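Fold and geometry: a report
One-letter residues, chain by chain:
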Amino acid sequence: MTLRALASGRLISAPTEKTSASGKAYVSATMATEQGEGGMLVRLMAFGSAAPVLLALHKGDTLAAQGALSASAYVGQQDNIPHASLTLFVGEVLTLLEV
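Before going further, it helps to spend a moment on the nonpolar core. Inside soluble globular proteins, nonpolar side chains tend to come together where they are buried. One finds Leu11, Leu44, Leu54, Leu63, Leu88 and Val90 to be the most contacted residues of the largest nonpolar core, which totals 20 residues. Looking at this core, the elements that each hand over two or more residues are strand E1 (2-11), strand E3 (25-32), strand E4 (41-46), helix H1 (50-55), strand E5 (62-75) and strand E6 (82-94). Counting residues per element, this core draws most heavily on E6, which supplies four residues. Discounting chain neighbours no more than four positions away, the residues touching leucine 88 are Ala5, Ala7, Val42, Arg43, Leu44, Met45, Ala65, Gln66, Gly67, Ala68 and Leu69.

Structurally, threonine 87 can be placed in strand E6. The buried category is assigned to threonine 87, whose relative accessible area is 12%. Residues in contact with threonine 87, not counting those within four places in the same chain, are Arg43, Met45, Ala68, Leu69 and Ser70.

With six of its eight residues buried, E3 lies for the most part within the structure. The hairpin formed by strand E2 (residues 16-19) and E3 contains five residues between the paired strands, and glycine 23 there has a positive phi angle of roughly 90 degrees.

In this section: unusual backbone geometry. One non-glycine residue, asparagine 80, lies in positive phi territory at about 55 degrees. Note that asparagine 80 resides in the loop between E5 and E6.

Moving on to the environment of methionine 31. Here methionine 31 lies in strand E3. Relative accessible area serves as the criterion here: at 0%, methionine 31 is assigned to the buried category. Residues methionine 31 and lysine 59 lie 28 residues apart in sequence; the distance between their C-alpha atoms is 9.1 Å. Every residue in contact with methionine 31, bar those within four places of it in the chain, is listed here: Ala7, Ser8, Gly9, Arg10, Leu11, Ile12, Met40, Leu41, Val42, Leu44 and Leu63.

What counts, and where the lines are drawn
- Residues numbered from 1 in each chain as written.
- Predicted model: local features only at pLDDT ≥ 70, side-chain atom pairs only at ≥ 80, totals over all residues.
- Heavy atoms only, no water.
- Core = buried A, V, L, I, M, F, W, Y, C linked by side-chain atoms within 4.5 Å.
- Buried < 20%, exposed > 50% of the residue type's maximum accessible area, 1.4 Å probe, protein only.
- Helix = DSSP H or I, 4+ residues; strand = E, 2+ residues; numbered from the N terminus.
- Contact = heavy atoms within 4.5 Å.
- Pairing = 2+ DSSP bridges.

Limitation: the analysis is restricted to geometry and does not speak to function.
Below is the structure:
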């Protein structure tokens, strides 16, 4: 399932540059959202013009990102419980920092 989404939160990992199997460069990071009693973890993958903006941020920085959100489910290997996995393919990054 994929939908357009806007997510905001705080980076819990430093953004890192990676290369896809097809040789395309991208930046990956993980963001924690804060919603009421709990939050969610969202994996961020930024290609193109959004990649250098995400790469300029650091662990702990706050941001909002919009793009295509992909949701999937998996069963944990250690707890044997179903879990949700969210990946946001970032089209734009909004931050208070000037990048």
